[in-house]
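# Understanding the architecture of this molecule
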Number of protein chains: 4
Amino acid sequence: MTARLSCGVIGLGRLGFRHAETLAGRIGNAKLEAVSDPDQERLNLFTSRFPAVLGFSDYREVLNAKNIDAVVIASPTDTHHRITMEAIRAGKRVFCEKPLTLDAEEARGIVRETEKYHAFVQVGFMRRFDPGYTVAKTRLDAGEIGDPVFVRCISRDPAPPPLEFARASGGLIQDLCIHDMDLSRWLLKSEAVRVYARGGVLMCRELEEIGDMDHADILLNFAGGAFCTIEGSRNARYGYDVWTEIVGTRGALFIGELHHTPAVLMTENGSQRDLMPWFLDRFERAYFEEMRNFVDHVLQDKEPAVTARDGLQAILMATAAKKSLETGMPLALNTAIRRDGYGSTNER
Amino acid sequence: MTARLSCGVIGLGRLGFRHAETLAGRIGNAKLEAVSDPDQERLNLFTSRFPAVLGFSDYREVLNAKNIDAVVIASPTDTHHRITMEAIRAGKRVFCEKPLTLDAEEARGIVRETEKYHAFVQVGFMRRFDPGYTVAKTRLDAGEIGDPVFVRCISRDPAPPPLEFARASGGLIQDLCIHDMDLSRWLLKSEAVRVYARGGVLMCRELEEIGDMDHADILLNFAGGAFCTIEGSRNARYGYDVWTEIVGTRGALFIGELHHTPAVLMTENGSQRDLMPWFLDRFERAYFEEMRNFVDHVLQDKEPAVTARDGLQAILMATAAKKSLETGMPLALNTAIRRDGYGSTNER
Amino acid sequence: MTARLSCGVIGLGRLGFRHAETLAGRIGNAKLEAVSDPDQERLNLFTSRFPAVLGFSDYREVLNAKNIDAVVIASPTDTHHRITMEAIRAGKRVFCEKPLTLDAEEARGIVRETEKYHAFVQVGFMRRFDPGYTVAKTRLDAGEIGDPVFVRCISRDPAPPPLEFARASGGLIQDLCIHDMDLSRWLLKSEAVRVYARGGVLMCRELEEIGDMDHADILLNFAGGAFCTIEGSRNARYGYDVWTEIVGTRGALFIGELHHTPAVLMTENGSQRDLMPWFLDRFERAYFEEMRNFVDHVLQDKEPAVTARDGLQAILMATAAKKSLETGMPLALNTAIRRDGYGSTNER
Amino acid sequence: MTARLSCGVIGLGRLGFRHAETLAGRIGNAKLEAVSDPDQERLNLFTSRFPAVLGFSDYREVLNAKNIDAVVIASPTDTHHRITMEAIRAGKRVFCEKPLTLDAEEARGIVRETEKYHAFVQVGFMRRFDPGYTVAKTRLDAGEIGDPVFVRCISRDPAPPPLEFARASGGLIQDLCIHDMDLSRWLLKSEAVRVYARGGVLMCRELEEIGDMDHADILLNFAGGAFCTIEGSRNARYGYDVWTEIVGTRGALFIGELHHTPAVLMTENGSQRDLMPWFLDRFERAYFEEMRNFVDHVLQDKEPAVTARDGLQAILMATAAKKSLETGMPLALNTAIRRDGYGSTNER
C-alpha cells in the first residue's frame, strides 16, 4: 500500500458528505478517488467542489474500483449489512457508520465475516475521538480517579429527527443511546450483565405514531460490578447536550460542553451564553480525528480503533434495553446472550 | 402571640446545634428560650455560648415550658414520631427534621394528628429554601421552560456516614434520596405513580454489613406523565455534589454548585478549583432561610411551607423505592398506596 | 479581659448595622453592649430587634462606657479621624471602617497615636477575609504560582453611589479603588513606587458636577519590580463585579465570582444565570469573618490583621493616584512620600 | 474570474503553512496553485503532501504566475512591504499577515498604493473571524449592551517567542498588542486620540538584551470618549489567555476561552481542567474563517473585511504606544498624527 490511502465514500448524506470532504481535503495521507450516492443532486454538489473525485450513482462501482483500498459506508442504516459484507468480500478496508446494523443477527454475521477474512472493519463511534473523551480516558486509564464504579451518560438532542429518518433509524435507543452503550463499555472495560429500561413520549407526540420515543432511561449493571445509567432524549429545546460522568474510588471525571462560542453577554437580566446547536458542531473535531485515525490505522496495518465486535456488543445492549422496555421488566443480559448467541462459543 | 417567637430546640446534634445558634442569634423575631439534649457536654457547649438560654437533659421540659410557643425537633430519627406527637398535643408549633419518620404508618399518624388539631408541623426539607432552588422554582412556575416533563436529581455525599448513624438513618434512600423525592414532587406539582429502583454497594463494603448501600438509581413516573430519575450516592470522593435538572417543553433549568470558594489556580497542570466540602457548606443559606421561614410563618399564622403531608408523601416514595429494590421489580405506586392507605379516603 | 468581648458600634448605616447584628447574634465570644447613631429611627430599629443592647444618640456615651472594651467605628468617613483618636485615648480596642481617613496627614496622626499607645486599631479592608482571597493568598504564599510579578484588580459597582454619599466619600479612588490598593500591597508584600492614573466620566454625567468620576485606570509599579493595574468603575450595569488576577513566575491565581445563585436557565436563547447584585451579597462572608477575626485577635492579644499603617499606606497610594490623575503625569511615589512624609524618619 | 480562486502562498512558516493547507484542502472555491519559501525542506514537506501544488524558492515566481489571482503573504514581517507592493503592481489580490509593516511610513505607502490602484489588500487580524468575537460584535452592533464606553483587552502568551523571532517582530507591542489595537478600533468604531504605555521585563530577562519586554499596559482614549486598556504579556505560564471585555451603557460582553478540552477531573484536590496551550489552538477556527472570507470577498468583488488602512491605523497606535513607553509620558495621538501624517489630507 502506498503512503496515501485511496478512498471511496458510499452515501453523501449529512455524515457521508462530511467524511468525503475530510478525506478529500484535510487529511494529507488520504486520497479520495470516488463517491457514490443515488441522489444525483448531492453527487453533483460534491463533484463540482472536488472535480478530481469520480461520482457514481451505484455504490458497486466504488467497490469494484481496483484503485480504491478503503471505503467509508455512510448509506442508510438498513443498507449497512449488505454493503459492508460486499465491501469485505471485495477486499476493501471498511469504515461503517453507527449503528453497524439494526439487527443483532446481521451484526454477528459481519463479525464472523470480519474475523474469517481478517478484515479491517471500523464502526463510527466518533465520540471516542473527541478530545474531551480522549483526555478523560487517558486520565481514567492512568488511575487518576482510582477504579471506575459508576458511569452516567446523558445524550439530549435539541429536537426529534424527521419522522422519515426516525422510522428507519431503529428508534431512540438504537440511534442515540447506542453511543453511550459503546462509551460505557469502553470506559469501564467490562460488559453489561443486566439492564432495565424505561421510556416513552414526553413531548413529541408525533413519535408515538411510529412507535418511537423521545426519552429513555437505561440502567445497566456491568460484569465487574460497576453501574451505569444512560439517558437518551430528543427533548433538549435549549441545544445539543451530551454529558458523561465517571465516578471512581478516588475521584470523578466529567466530560461535556454546553456552550458554543466563548462570548458572554452580561446585562441586568444576568449573564447569557449561547448553547451548542448540533452534534456536528459539538463533535466536529471528533469526526475529523476519527477519519484521520481510520486512515492511519489502515496505512500502518493496525487493528481498527473501534471494531466490528464493538459494533455488535453495542447492538446487543440496545436490543436488550428495548426488550426490557417492552416487557417493563429488568433483564439479565445473559438471557439475551443465550437468545442472541452473544458470547457463545460457536460465535467465531 | 408576641412579635417575637419563643422557641425551644430538642436535640443538639449537628443540625440541632445549628438551628439553635440560628434561632438564638440570627433571627430578630425569634427568641430561643431553651434547648435539650441528653448529652451533657453538648448542652454545656451551647449554654456556655448562650448563657440566656436554658438547657435541659429531658426534652419534656421544653415541651412543658409554658413560655415556649414553637419547638424544633432535631433528635434522632427514631424519636421523631413520639416527640412530634407529644409536641402537637402540648400545643406547640413544630418544626421536625427530615425524615419525618422512618415508618409510613407513623408518618400517617402524625398527618392525622396534625389535621385533627389544625397543628402547625413543618418538615425539614431545607433544599426548598436554597436560593438556587427558589430561583429555579420561580422561573419554572413562571413558565420560563414551558411545562416540566423530566427531572433529574443527583445527590452525592463525599463519604458514607458513620456506621452508627447509618444504622439508625433508614439507609441511603430514606436518609439521602428522600430530599430528591420531595424536590421532584415540589417541582412537578404531581405525585409519583410508578417506581423502579436499583442499588448496591460499589465502594463502601462496610455498609453491606448493616444492610445499607452506597449507590441507588431510582426511576419515577409521575401522574401527570413526567419522568424523574434520582441518584443517591455516598461515593463522591471529590466533594459534596448535589445537582438537579428540570427539562421542560421550552427549555431547562439546572441547579447545582460544585465549587466552594471563588479562587482558581492556573498552572501548567491546568486550572484548579476547590470543591464543595459538605452539605452544611452547600446549604448553609438554605438552613438559615428555612428557620426564618418557620418563624415568620408561625408568627403570621400561615400554613407551613413544607407540611407533614409533604413529609408523608416523601416517605411513601422512599418506602416504595426500597420495596422495588428488594424485589428487583418495578412497582406501581398505587399498589403501594393501597397497602399503605396512601391517599385513601379514610386517611383524614 | 473576659472570654467574651464587650463591644460597642458607632454608626448604624449600611455597614454599621450589619456589624452590630453580627456582634449581637452571630459571634459567640462577643457581646454587644451598646450602639450609637444620631438618627433616632435607625437606633430604634436596631434596639427593638436587640432589646438587650443600649442605644445612644451620642457616640461619646459608647466611648465613656466602662464596660465596653472594643468599638466598631462605622460613622461617616469624615468623622473617622476624630472618633478613632478619642477611642484610642479612651483605651478602647478599635475597628474602623475603610478608608481610615480621607487625608493622609490625619491618617499619619492615627498611626502615630496607635504606635505611641500600642493601641489596637484595625482597618476595615474586608476583602482580605473573603474565602476566595484567603485561599488565594495561602496558595500564593505557599509558592504555588512562584513569585508574583503582576496583579490585576477590577472593581466594578453596578451603579454610582448617591450623590450625597459620593460627595463625602473622597470619590471613586478613595472610596472604591482603595480596596485594590490594599489588596495589591497585601498580595505582593511590597510598596508602590510609581503611579499613573487615568480617569473620567464615561456614563454617569451627574458625577461630573461634584468632581467625581465613574471610571479610573491606575498603573502601579512596586518596589520589588512587580506591576499592578487597578480598574475602578461605577459602570457595571450587569452587576457587582470584583475580579483579581495574580500572575506569577509559575502560574496564576484568579479570584472572582460573578454569579449570585447556582441556577441556570437554558432556552433556545442560550444559557442564562443571575449576577451578583451587590457588595453586601458578594462579601457577606468576608464581613462576618472580619468581625470574628477582630474579636478573636483582641481577646487573644494579637496584632490586628489589618493595621492602621495598612490604612495609611492605602491612603498614600490613593492620594498619589489622584494627583497623577489631576496632572496627567506619572508620579514617582517617593515624590509623594517626601511631600507627605510617607516613610520619613520623623514619622514615628 | 472563475468560480474558484487560484491562489499562491508566499512563506511556509507556522502561519503560511497553515494558510496553504487551508487553501489546498478545506476551501471548496479556492485552488492552491503554488507556494514559495526559500527553505527547501519546508517546501518539500508541503509539496509532498500536496503534489498538485507547485513549489518555488523565489516568491517572484508566484507573483509572475499568470494563472494566480490571489496571494497570501506570510513571509517575515520585514519583507511585507516589498512583497505587498510588488504583488499589488502584479495585479494580485493580496492577503498580508499582520503586522502589515513595522514602519508607519511603509504602511502609509501601501495604503496609498492600494487606494491608487483600487487594489484588494487584506490584513491578517484573524481575531475578527473568531466565532466568539463575531458573536460579540453582532450583539454589540445590535445595541444589546447600549453604547460601548470601555474596552479591556488582555493577551497573554504562555512563553516568550524565540529570541530570533522576537528580534525581527517589532517587539511585544507591534507583534502582540497590535491585535488588541485593531480589536479596540473595530469594536468601538472610533480612533484613539491619546495613549499612555508602561512596560518592562517582569520575568524573561533574556528579552532585555534585545530591547524587548514581556509585559506592557497601554491606556487609550478614543475620539468618541470611550476608554480602552490593553495588556500584552509573555508571562502566562499556565497557557494561552486572550480575554476581552466591552462595557456598555446597558451591559457588557466578555469574550475568552481558557479551557482546551471539555474534560474535568474531580478529586479531593479539587476540580481540574486543562488550559488553552497555544494561539493556533485558540484561534484555529478564526484562521480558517479568515481564509474563507478572503476567498469569498475576492470572488464576489467585495471590499476586504480588514483593509490596508486598518493595518496602518493599528501600526500608528503601536508606534505611539512605543513612543509613550520610551518617554514615560502620555501622548496625544494627534501629535503622532501630525508627525506621521496620520489622517492628514495629503494622505491619499
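Numbers given for residues are sequential positions, taken from 1 along each chain in its written order. Each chain gets a letter, beginning with A, and each ligand a number, beginning with 1, in the order they are written. In keeping with the predicted nature of the model, local features appear solely for residues at pLDDT of at least 70, side-chain atom pairs appear and are counted solely at 80 or more, and the whole-chain, interface and lining totals rest on all residues. Side-chain numbers come from the whole structure's heavy atoms, not from hydrogens or water.

## Examining the pairing of strand E10 (residues 227-233) of chain C
Residues and elements named next belong to chain C. Going by this rule: Burial classes follow relative accessibility: with a 1.4 Å probe on protein chains only, a residue under 20% of its type's maximum area counts as buried, one over 50% as exposed, and anything between as partly exposed. A run of H or I in DSSP becomes a helix once it reaches four residues, and a run of E becomes a strand once it reaches two; helices and strands are each numbered from the N terminus. Pairs of strands are assigned from DSSP output, requiring at least two bridges between the strands.
Of all seven residues in E10, seven are buried; the element is thus mostly enclosed. Residues Phe 227, Thr 229, Glu 231 and Ser 233 of E10 are buried on one face, and the alternating residues Cys 228, Ile 230 and Gly 232, pointing to the opposite face, are buried as well. Where strand E7 (residues 148-156) and E10 come together, seven bridges link them in parallel fashion. By the bridge assignment for E10, Ser 155 is matched with Gly 232. Inspection of the sheet shows strand E9 (residues 215-222) paired to E10 by seven bridges, in the antiparallel sense. Counterpart to Asp 217 in the pairing with E10 is Glu 231.

## With respect to the environment of B:Arg139
To be explicit about the condition: Contact definition: two residues touch when any of their heavy atoms are within 4.5 Å.
Within the secondary structure, B:Arg139 sits in helix H6 (residues 131-141). Taking the C-alpha atoms as reference points, B:Arg139 and B:Leu253, 114 residues apart in sequence, are found 8.5 Å from one another. Apart from residues lying up to four places away in sequence, B:Arg139 is in contact with B:Glu144, B:Leu253, C:Leu265 and C:Gln272.

## Topic: the pattern of salt bridges
When charged atoms on two side chains of opposite charge get close, those side chains can pair. Defined as follows: One speaks of a salt bridge when a side-chain nitrogen belonging to Lys or Arg is within 4 Å of a carboxyl oxygen belonging to Asp or Glu.
Scanning all chains against the criterion turns up 120 salt bridges over all chains. The closest approach of N and O atoms between A:Arg156 and A:Asp241, which form a salt bridge, is 3.7 Å. Remark: A:Asp241 occurs in strand E11 (residues 241-248) and A:Arg156 occurs in strand E7 (residues 148-156); sequence separation between them is 85 residues. Per residue, the accessibility class of A:Arg156 equals that of A:Asp241, and both read buried. A salt bridge links C:Arg234 to C:Asp175; the shortest N-O distance between them is 3.0 Å. One end of the pair, C:Arg234, is in the loop between E10 and strand E11 (241-248); the other, C:Asp175, is in helix H8 (residues 171-188), and 59 residues separate them in sequence. Residue C:Arg234 is classed as buried on the basis of its relative accessible area, which comes to 1%. The class for C:Asp175 is buried, based on a relative accessible area of 11%.

## What to know about the interface of chain D and chain B
Filter applied, for reference: Summed over both partners, buried area is the accessible surface (1.4 Å probe) that two parts give up on being assembled. Polar contact is the term for a pair of N or O atoms within 3.5 Å; when the atoms are in protein, one must be able to donate a hydrogen and the other to accept it, and sequence-neighboring residues count only if both atoms are side-chain atoms.
On the chain B side, the residues contacting the 14 residues of chain D number 14 residues. With both sides pooled, the region where chain D packs onto chain B buries about 960 Å², and carbon together with sulfur makes up 60% of that total. A per-residue breakdown of the area chain D buries against chain B is headed by D:Tyr238, D:Met266 and D:Ser271, which together make up 45% of the total. At the surface where chain D touches chain B, the tally comes to zero salt bridges. At the boundary of chain D with chain B, the tally comes to four residue pairs in polar contact (both at pLDDT 80 or more).

## A look at the relation of the copies chain A and chain B
As a reminder, the rule being used: A least-squares fit on C-alpha atoms brings the copies together, and the residues used are those whose pLDDT is at least 70 in both copies.
Superposition of chain A onto chain B requires a rotation of 180 degrees combined with a translation of 0.0 Å along the rotation axis, giving an RMSD of 0.0 Å. With respect to symmetry, the two chain copies, as superposed, fit the operation of a two-fold axis. Closest approach to the rotation axis within chain A is made by the C-alpha atom of A:Met329, at a distance of 3.3 Å. Taken together, the interface assignments show that 100% of the residues at the interface of chain A recur at the interface of chain B, consistent with an identical surface on both copies.

## Observations regarding the pairing of strand E4 (residues 70-73) of chain B
Residue and element names in this part refer to chain B. Inclusion rule: For the handedness criterion, the strands are oriented away from the viewer, and a crossover whose path from the first strand over the helix to the second runs clockwise is classed as right-handed.
Here E4 shows no split at all, with Ala 70 and Val 72 on one side and Val 71 and Ile 73 on the other all buried. Judged from the four bridges that link them, strand E1 (residues 5-10) and E4 form a sheet pairing that is parallel. Looking at E4, one finds that Val 9 is bridged to Val 72. Taken together, E4, helix H4 (residues 80-89) and strand E5 (residues 93-96) form a β-α-β motif whose crossover is right-handed.

## Some words on the sheet that holds E4(B)
Residues and elements named next belong to chain B. What counts here: Orientation is described by lines fitted to C-alpha atoms, with helices fitted over the stretch in contact, and by angles between N-to-C directions that extend from 0 to 180 degrees.
A sheet is described by the order of its strands in space; here six strands give the open sequence E3-E2-E1-E4-E5-E6, paired in parallel fashion. Where the open sheet ends on each side, the last strands, each with one partner, are strand E3 (54-56) and strand E6 (121-123). Strand-to-strand twist of the sheet, defined as the mean angle between neighbouring strand axes without regard to direction, takes the value 20 degrees. Pairing analysis gives three bridges linking E5 to E6, with the strands arranged parallel. Paired with Phe 95 across the bridge in E6 is Gln 122.

## Description of the environment of D:Thr229
Note that D:Thr229 resides in strand E10 (residues 227-233). In sequence terms D:Thr229 and D:Lys189 are 40 residues apart; their C-alpha atoms lie 16 Å from each other. For D:Thr229, the residues in contact, after removing those within four places along its chain, are C:Arg198, C:Asp217, D:Phe150, D:Val151, D:Arg152, D:Cys153, D:Ile218 and D:Leu219. Side chain to side chain, D:Thr229 and D:Arg152 meet in a polar contact 3.0 Å long.

## Here's the deal with the interface of chain A and chain B
What counts is decided by this rule: Basically, the charged four are Asp, Glu, Lys and Arg, the nonpolar ten are Ala, Val, Leu, Ile, Met, Phe, Trp, Tyr, Cys and Pro, and anything else, Gly included, counts as polar.
Residue-level contacts link 38 residues of chain A with 38 residues of chain B. In total, about 3000 Å² of surface goes out of reach between chain A and chain B, with carbon and sulfur atoms giving 66% of it. Broken down residue by residue, the surface that chain A buries against chain B is led by A:Arg198, A:Leu202 and A:Phe227, which jointly contribute 21%. Between the two partners, chain A and chain B, sit six salt bridges. Salt-bridge contacts for A:Arg152 lead to B:Asp217; the nearest nitrogen and oxygen are separated by 3.8 Å. Connecting chain A to chain B are ten residue pairs in polar contact (both at pLDDT 80 or more). Looking at the side of chain A that touches chain B, the elements with two or more residues in it are E7, strand E8 (192-200), strand E9 (215-222), strand E10 (227-233), E11 and strand E12 (251-256) of chain A. Counted by class, the side of chain A that touches chain B contains 17 nonpolar, eleven polar and ten charged residues.

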